[in-house]
Amino acid sequence: MKTDQQARPDGRGLRQSMSDLHTWVGLLLGWVLYAMFLTGTVSYFKDELSQWMRPELPAQSGVPDQAVVAQRVADELVTLVPGSPQWSLRLPDARNNSVYAFWRTAGAAPGQRGFGEGNFDPATGQTVSSRATLGGDFFYRFHFQFHYMPVVWGRWIAGIAAMFMLVAIVSGVITHKKIFVDFFTFRWGKGQRSWLDAHNALSVFGLPFHAMITYTGLVTLMALYMPWGQQAGIKTAADRQQLNAELSAFIQPGKPSGEAAPLASIEEMVRHAQERWGRDGVGRVTATHPGDAAARVAVARGDGGRVSMSPQYLEFEGTTGKLLAVHEGVGAAAETRGVLYALHLGRFSDSVTRWLYFLVSLAGTAMVGTGLVMWTVKRRQKLPDPARPHIGFHVVERLNIASIAGLSVAMAAFLWANRLLPETLADRANWEIHSFFIVWALTLLHGVLRPAKKAWVEQLWLAAALLALLPVLNAATTHRPFWRSLAEGDWVFIGMDLMCWALAALHAVLAVRTLRHQPKTRAARKPARETVNKPAGGAVLREG
Amino acid sequence: MIHLSSFILCLTGFAALAFAMDRPQHDLFGRSLPAPATVALRVGGAASLLGALGLLVTWQGWGLGLVMFSGHTSLGAGLVHGALIVQGRRAARPN
Amino acid sequence: MTSVAGRVRSVGPLVSRIAAALFGGYALAALASVAVLALPMSTPQAVLTGQLTSFVIYAAAVIWVFAVRSALRAWAGLLVVAAPLLLSAWSVW
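Residues numbered from 1 in each chain as written. Chains lettered and ligands numbered in written order. Predicted model: local features only at pLDDT ≥ 70, side-chain atom pairs only at ≥ 80, totals over all residues.

**Describing the overall build of chain B**
If you tally the helices and strands in chain B, you get three helices and zero strands. Tracing chain B from N to C terminus, the helices and strands come up as α-α-α. Viewed in the frame of its principal axes, chain B has a C-alpha envelope of about 50 × 30 × 20 Å. Looking at the 95 residues of chain B, the share that counts as buried comes to 37%. Of all intrachain contacts in chain B linking residues separated by at least 6 positions in sequence, the fraction that spans at least 24 positions is 70%. (Helix = DSSP H or I, 4+ residues; strand = E, 2+ residues; numbered from the N terminus. Buried ≥ 20, exposed ≤ 12 C-beta atoms within 10 Å, placed from the backbone. Contact = placed C-beta atoms within 7 Å.)

Okay, here's the thing in structure tokens:
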């Protein structure tokens, strides 16, 4: 029980209360955080994942000329969504072999969905003829807004979880401030200590990343979480426009003139931007009121090569192609926000930096995972009867299984569904997602029904098997098996297959280790220099 | 190429810093190294890390350079840490 | 182990602290994000500055609430910081 009012020696008191705070803040939303971390980690490769999930789209041998592609898709949109008040294209780049477009639909009735979206083939300009799938964007969106709930709810949950994470990081650092000094003198203990060591190691060497990613995560959605300053200070439409211009390159549609006039050459406008930012440096083309005399076109710079998401764009008069304005700088606070936003998404990365992001983020995932497991390991020793734990312990233990091992199974199942669901299935893209959640729910059921240790081992083996066989399934169901990818130098598919095998191996190792785990250890041992290397014995620690 | 050299600099830098500490010295050599050697390791390790930072920043500027640097240091420190653990466990195993 | 009154006495301050951290911390952060508008900079920049710093303030408030010796001190600390922020926020709302 917490003894709140007692005076304690200062240092010990502070560390103890920070330790308690760390434990409970970490546990309460730990499962949500684990899922956010893991899906966020794989989202660093979301574009590659999307390419893998649309195997019908041929591998891109080089980035096509963005100016030509932009014109092609713009022409297609004229016939596809006539009268749309606004559309926006994300042009292909080194990592994207399709053009993603979204548009507002003309004259949508109130309550009707006023937006549409689609992926287009850069070579033809037509809608891509691939299986219906959300691709890697599913993990990306799940990472900050979850699923089966209004987007805003999901984003609030993600925000609360991130705030808990921020507090967990700060309180963790205060609790263990010593570990910075003796980082390299850790010894690997046994039982509870080894979990603690793993948790500490993962936290310390990734600390700059973990702190950065948590804070910048909050920054990405700060207007939602902290709208008060905006409500107090931004009162007129002009104010709002001024603020928007600091944040995004999306130009807002004004009033249409009602007079029809075709768009001037989009190709020329993009050419102009290419001269400024390089051949592959254009990110997005947005048009407002295309086909109207009042049309405007914004050509925005891509995210590559600069650590900032602050808007940089050229604004053109739509009907003549005349350059109206160059937007290349924003205010200091807006630029700070742009840099923090970019740091979170990491889209500026070259492939080595992206791998660094991925690996350190994976360490962060493992940090959250080891923290969750540690909660049960620590408490198991204190249970009056380890064979019959109390209900709270039981719940935590089972949720750990489903949210750690089960999530791996479910994510692998999502990729299996992508290859196995028939292409003609109605609402196919959503059924891929339903498969993910059905499998995840099943792992929870399995975790509840089986003895804890068995459930861990079985689910880890299942994840390993699903991942290891995914390249086989890919070879059987597509025309892009591993050997052909290798022969053609198709690095997205080669990388995906190798990654599956590497992750399968990781899960297999975890399964073997969990199985072999000797539940004997000495309780709460101090890492004293003389005793560390002796074989541990003593109090029984049963581990699930 | 610059990525590789800065990674190696980070790795050797952290390895040097680790061996500048008493316990790893005992584990590996069975005794403390003389004080000048420890100081040299510490200075060399720090210089190595600074070298990596300098390399990355001159290559990509402060923004990208710092991001890459923190990635390489995290990975380098993690690997050194892992190696020390593996070494420690191997030494601890009864023969 | 303890009587009901004893339980309340030991749990009460904890509940109070949790409330101070969750809601008091958020209120303080929100207040700060508005108070920034009184600084001599353009409104959009001030709005963004307030949003950027609010999470740091929130986190610091939570740590403060659990670091000090009693729940009463925790609330008092929050109020002491809130007072000048409230004045400043009042001037711009």
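**Notes on the overall build of chain C**
A count of helical and extended segments in chain C gives three helices and zero strands. In chain C, the order of α-helices and β-strands from amino to carboxyl end is α-α-α. At 16 Å, chain C has a C-alpha radius of gyration far larger than the 12 Å of a compact globule built from 93 residues. Sorting the 93 residues of chain C into buried and exposed places 42% on the buried side. Within chain C, residue pairs in contact and separated by at least 24 positions form 70% of the contacts whose partners lie at least 6 positions apart. (Rg over C-alpha atoms; globule rule 2.2 N^0.38 Å.)

**Overview of the sheet that holds strand E6 (residues 313-317) of chain A**
Residue and element names in this part refer to chain A. Taken in spatial order, the seven strands make up an open sheet running E3-E2-E1-E4-E5-E6-E7, and their pairing is antiparallel. Where the open sheet ends on each side, the last strands, each with one partner, are strand E3 (115-120) and strand E7 (323-327). Averaged over all neighbouring strand pairs, the angle between strand axes comes to 15 degrees, with direction disregarded. Where strand E5 (residues 296-301) meets E6, five bridges bridge the pair, whose relative direction is antiparallel. Among the inter-strand pairings, Val 299 is bridged to a residue of E6, identified as Leu 314. (Pairing = 2+ DSSP bridges. Axes fitted to C-alpha atoms, helices over the stretch in contact; angles between N-to-C directions.)

**Things to note about the interface of chain A and chain B**
Residue-level contacts link 21 residues of chain A with 22 residues of chain B. Every element with two or more residues in the side of chain A that touches chain B is listed here: helix H8 (192-205), helix H9 (207-220), helix H14 (332-345) and helix H15 (351-380) of chain A. With seven residues, H15(A) is the largest single contributor of residues to the side of chain A that touches chain B. Classifying every residue of the side of chain A that touches chain B gives 16 nonpolar, four polar and one charged. (Nonpolar A, V, L, I, M, F, W, Y, C, P; charged D, E, K, R; others polar.)

**Examining the nonpolar core**
Membership of the largest hydrophobic core comes to 157 residues, with the highest contact counts inside it found for Leu166(A), Val167(A) and Ala412(A). Residue contributions to this core reach at least three from each of two domains, namely domain 1 (10-54 + 140-221 + 349-516) and domain 2 (66-131 + 253-330) of chain A. Residues in contact with Leu166(A), not counting those within four places in the same chain, are Thr214(A), Tyr215(A), Phe55(C) and Ala59(C). If you look at the next biggest cluster of nonpolar residues, it comprises 32 residues, including Val69(A), Tyr100(A), Val297(A) and Leu314(A). (Core = buried A, V, L, I, M, F, W, Y, C linked by C-beta atoms within 7 Å. Domains from an automatic or database assignment.)

**Overview of unusual backbone geometry**
Residues and elements named next belong to chain A. You will see that Tyr 148, though not glycine, has its phi angle at about 60 degrees, which is positive. Inspection of the secondary structure assignment puts Tyr 148 in the loop between helix H5 (137-145) and helix H6 (151-175). On the neighbour-count criterion, Tyr 148 (9 C-beta atoms within 10 Å) is exposed. Although it is not a glycine, Asp 427 sits at a positive phi angle of roughly 60 degrees. Within the secondary structure, Asp 427 is located in the loop between helix H16 (391-420) and helix H17 (428-449).

**A closer look at the pairing of E5(A)**
Most of E5(A) sits out of view: six of its six residues are buried. Going residue by residue along E5(A), you find Arg296(A), Ala298(A) and Ala300(A) tucked away on one face and Val297(A), Val299(A) and Arg301(A) tucked away on the opposite face as well.

**Structural notes on the packing of H14(A) against helix H2 (residues 43-67) of chain C**
Running from amino to carboxyl end, H14(A) crosses H2(C) at an angle of 40 degrees, the nearest separation of the two axes being 7 Å. One element, H14(A), and the other, H2(C), form an angle in the oblique class. At the point where H14(A) passes H2(C), the crossing takes the left-handed sense. Within the contact between the two elements, H14(A) uses Ala332(A), Ala333(A), Ala334(A), Thr336(A) and Arg337(A) and H2(C) uses Pro44(C), Gln45(C), Leu48(C), Thr49(C) and Leu52(C). Of the residues assigned to the contact of H14(A) with H2(C), the class counts are six nonpolar, three polar and one charged. (Parallel < 35°, antiparallel > 145°, perpendicular 65-115°, else oblique. Left-handed = near helix turned anticlockwise from the far one by under 90°.)

**As for the environment of Asp385(A)**
All names here are of chain A. Residue position: Asp 385 is located in the loop between H15 and H16. Classification of Asp 385 as exposed rests on a count of 7 C-beta atoms within 10 Å. As for Asp 385 and Ala 106, which are separated by 279 residues in sequence, their C-alpha atoms are 67 Å apart.

**Describing the interface of chain C and chain A**
Listed as interface residues are 33 residues of chain C and, on the opposing side, 36 residues of chain A. Broken down by secondary-structure element, the contributors of at least two residues to the side of chain C that touches chain A are helix H1 (4-35), H2 and helix H3 (71-92) of chain C. With 18 residues, the top contributor of residues to the side of chain C that touches chain A is H2(C). Broken down by class, the residue content of the side of chain C that touches chain A amounts to 22 nonpolar, 10 polar and one charged.

**Thoughts on helix H18 (residues 452-477) of chain A**
Here H18(A) is 26 residues long and its end C-alpha atoms lie 36 Å apart, about the 38 Å a rise of 1.5 Å per residue gives. Of all the bends in H18(A), the greatest reaches close to 35 degrees and is centred on Leu470(A); the proline Pro471(A) follows between one and four positions later. (Expected span 1.5 Å × (residues − 1). Bend = angle between axes of the 7 residues up to and from the residue.)

**Brief notes about the confidence of the model for chain C**
Residue and element names in this part refer to chain C. Averaged over every residue, the pLDDT of chain C is 91; residues scoring 70 or more account for 98%. Element-level pLDDT for chain C is lowest in H1, with a mean of 90, against a maximum mean of 95 in H2. This complex was scored by the predictor with a pTM of 0.89 and an ipTM of 0.92. (pLDDT = per-residue confidence, 0-100.)

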